[in-house]
Amino acid sequence: IIDYPHTAHKSPEADILLGQGCRAWIGDTSGISLLAMCFGRPRLLLDWIPIASAFHHGCEVTVVPMVLGETATGRPIDLKRVSDPEILVAFSPAVLRRHGVTAFSVGEDVVSQSVRDFLESLDDDSTRDDGATKVLRDSIEAATGMPSGASHIAPAYLKHLAELNY
């Protein structure tokens, strides 16, 4: 694991070599995360927003979305509201604010557990799916008209939402 963006070695050529040569990728919404997808590498996408875009990647991807909450209270919004097409595809905090929604990071504990689970899963070929992932996947397909890839939501994220009484 390297913190690549803050090194003197960052370059377009190195970006491609990292995406091609990695066994797996842990990243965020930055464009470089797409390079690993181009080379078919499994990925863990942290604090991902918009939620819908993470589900249209061609290879196995585990997603830890940001928690979308009411701006006024900070309470997480429900899956029905998350499924609103404008919220699902919102890249801009301004679009979310128009809907009274703010994106919150899930926090260090959820990220740490998700990274551990992801690294342990690299040798596990079992397929993973869960009810919440299916609800989001169906909503995303309905909102965008595009099939969503073989993505799933990190179990640590779902546990975190349950603890928030989501």
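Whatever comes next refers back to the structure up there.
Let us look at the structure shown here. (Residues numbered from 1 in each chain as written. Predicted model: local features only at pLDDT ≥ 70, side-chain atom pairs only at ≥ 80, totals over all residues. Heavy atoms only, no water.)

So, on to helix H1 (residues 12-21). Of the positions making up H1, those classed as buried are Ala 14, Asp 15 and Gly 19. For H1, the angular spread of the buried residues around the axis is 135°, confining them to a single face. Exposed positions of H1 whose direction lies more than 90 degrees from the buried face are Glu 13, Leu 17 and Gly 21. Against strand E1 (25-27) and helix H2 (32-38) lie the buried residues of H1. (Buried < 20%, exposed > 50% of the residue type's maximum accessible area, 1.4 Å probe, protein only. Helix = DSSP H or I, 4+ residues; strand = E, 2+ residues; numbered from the N terminus. Arc of directions from axis to C-beta. Contact = heavy atoms within 4.5 Å.)

This part takes up helix H6 (residues 108-121). For H6, built from 14 residues, the straight-helix expectation of 20 Å at 1.5 Å per residue is met to within 8% by its first-to-last C-alpha distance of 20 Å. Every buried residue belonging to H6 is among Val 110, Ser 114, Val 115, Phe 118 and Ser 121, and all of these are buried. Taken around the axis of H6, the buried residues stretch over an arc of 130°, which confines them to a single face. In H6, the exposed residues that point more than 90 degrees away from the buried face are Glu 108, Asp 109 and Glu 120. (Expected span 1.5 Å × (residues − 1).)

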